[in-house]
Amino acid sequence: PLITAISPVNGPTSGAFTMTIRGSNFGTASADAQVSFVPASRRSSGNSGLSVVQITDASVSFIVPANVGSDVEISVTVKSQIGLLQAGAFTYDIPHATAVSPTAGSRPTSGGFVITLTGTNFGTGATAGSGGLVSVYIGGKSCAPVSVVVDHTSLTCVAPSGTGSASVVVNV
């Protein structure tokens, strides 16, 4: 198989949307093709053998799994022949924090209190754990440990020391 294009080229960390791979020599039966969608830097957290929802010799469609990052390798295997699209062709959407709590009140400048962030594209508990892929910085200082409370939309971390207001940056 030969992969020439994918659509879409980005999407939310929650996945659950259809991607179409275009190219040639994919076969015509779902059983002919196996799709893999694997972050190159985290091969153990990828998904292989995804269910094909539609196939023609020139295109394969499947449901994108939840994950994070910008280094996803996409491959289609047909009867032991592999077509590969290099890492970086697809990117999960960047995180966006829309609310921070607490926002005001008596908070110690020494830090140590829990902050809750809500927003989108925060990943999952599996991507945030110890040594995970989700990091939060407040005023340039690490807010850790990070725990994803509700997959993709809510996380907590322990505030670092500091004074006044500061910018919040979420990385996945």
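What you see is a predicted model, and the numbers here were worked out from it, not measured in a lab.

**Student:** Outline the environment of Pro12, listing residues and values.
**Tutor:** With respect to the helices, strands and loops of the structure, Pro12 is situated in the loop between strand S2 (10-11) and strand S3 (18-24). Under the relative-accessibility criterion, Pro12 is labelled partly exposed at 30%. Put simply, Pro12 and His152 are 140 residues apart on the chain and 8.6 Å apart in space, counted from C-alpha to C-alpha. Excluding its chain neighbours within four sequence positions, the residues that come into contact with Pro12 are Phe17, Tyr92, Asp93 and Asn121.

**Student:** Describe the pairing of strand S8 (residues 72-78), naming the residues involved and giving the relevant values.
**Tutor:** When you tally the buried positions in S8, you get seven out of seven residues, the bulk of the element. Judged from the six bridges that link them, S8 and strand S9 (residues 81-92) form a sheet pairing that is antiparallel. When the sheet's bridge partners are listed, Ser75 is paired in S9 with Leu84. Where S8 folds back onto S9 in an antiparallel hairpin, the turn is made up of two residues, including Lys79, whose phi is positive at roughly 50 degrees.

**Student:** Break down the state of the cysteines for me, with residues and values.
**Tutor:** Evaluated as defined, the whole model comprises one disulfide. A disulfide bridge connects Cys143 with Cys157, and the sulfur atoms are separated by 2.0 Å. Across the disulfide from Cys143 to Cys157, rotation about the S-S bond amounts to roughly 90 degrees, and the bridge is consequently right-handed. Within this pair, whereas Cys143 is found in the loop between strand S13 (141-142) and strand S14 (147-150), its partner Cys157 is found in strand S15 (residues 154-158), the two being separated by 14 residues in sequence. Taking the relative accessible area as the measure of exposure, Cys143 reaches 1% and is therefore buried. For Cys157, a relative accessible area of 1% corresponds to the buried category.

**Student:** Before we move on, can you summarise the sheet that holds strand S6 (residues 52-56) with the specific residues and values?
**Tutor:** Taken in spatial order, the four strands of this open sheet run S1-S3-S7-S6, and their pairing is antiparallel. Strand pairing shows two members of the sheet lacking a second neighbour, strand S1 (2-7) and S6, which therefore form its edges. Pairs of neighbouring strands in the sheet enclose a mean axial angle of 20 degrees, with direction left out of account. One ladder, built from four bridges, connects S6 with strand S7 (residues 59-63); its direction is antiparallel.

**Student:** Which residues make up the sheet that holds strand S16 (residues 168-171), and what are the values?
**Tutor:** Taken in spatial order, the three strands of this open sheet run S13-S12-S16, and their pairing is antiparallel. The open sheet has two edge strands with one neighbour each: S13 and S16. For strand S12 (residues 135-138) and S16, the ladder comprises four bridges, and the chain directions are antiparallel. Note that in S16 the partner of Ser135 across the bridge is Asn171.

**Student:** Requested: an account of the nonpolar core, with residues and values cited.
**Tutor:** Counting residues in each nonpolar core, the largest one holds 22 residues, and the members touching the most others are Ile21, Phe37, Ile74 and Phe90. At four residues, the largest contribution of residues to this core is made by S8. Sequence-distant contacts of Ile21, that is, excluding residues within four places in its chain, are made with Ile3, Ala5, Ile6, Phe26, Val35, Ala58, Ser59, Val60, Phe62, Ile74 and Val76.

About the criteria used
Residues numbered from 1 in each chain as written. Predicted model: local features only at pLDDT ≥ 70, side-chain atom pairs only at ≥ 80, totals over all residues. Heavy atoms only, no water. Helix = DSSP H or I, 4+ residues; strand = E, 2+ residues; numbered from the N terminus. Buried < 20%, exposed > 50% of the residue type's maximum accessible area, 1.4 Å probe, protein only. Contact = heavy atoms within 4.5 Å. Pairing = 2+ DSSP bridges. Disulfide = S-S within 2.5 Å. Axes fitted to C-alpha atoms, helices over the stretch in contact; angles between N-to-C directions. Core = buried A, V, L, I, M, F, W, Y, C linked by side-chain atoms within 4.5 Å.

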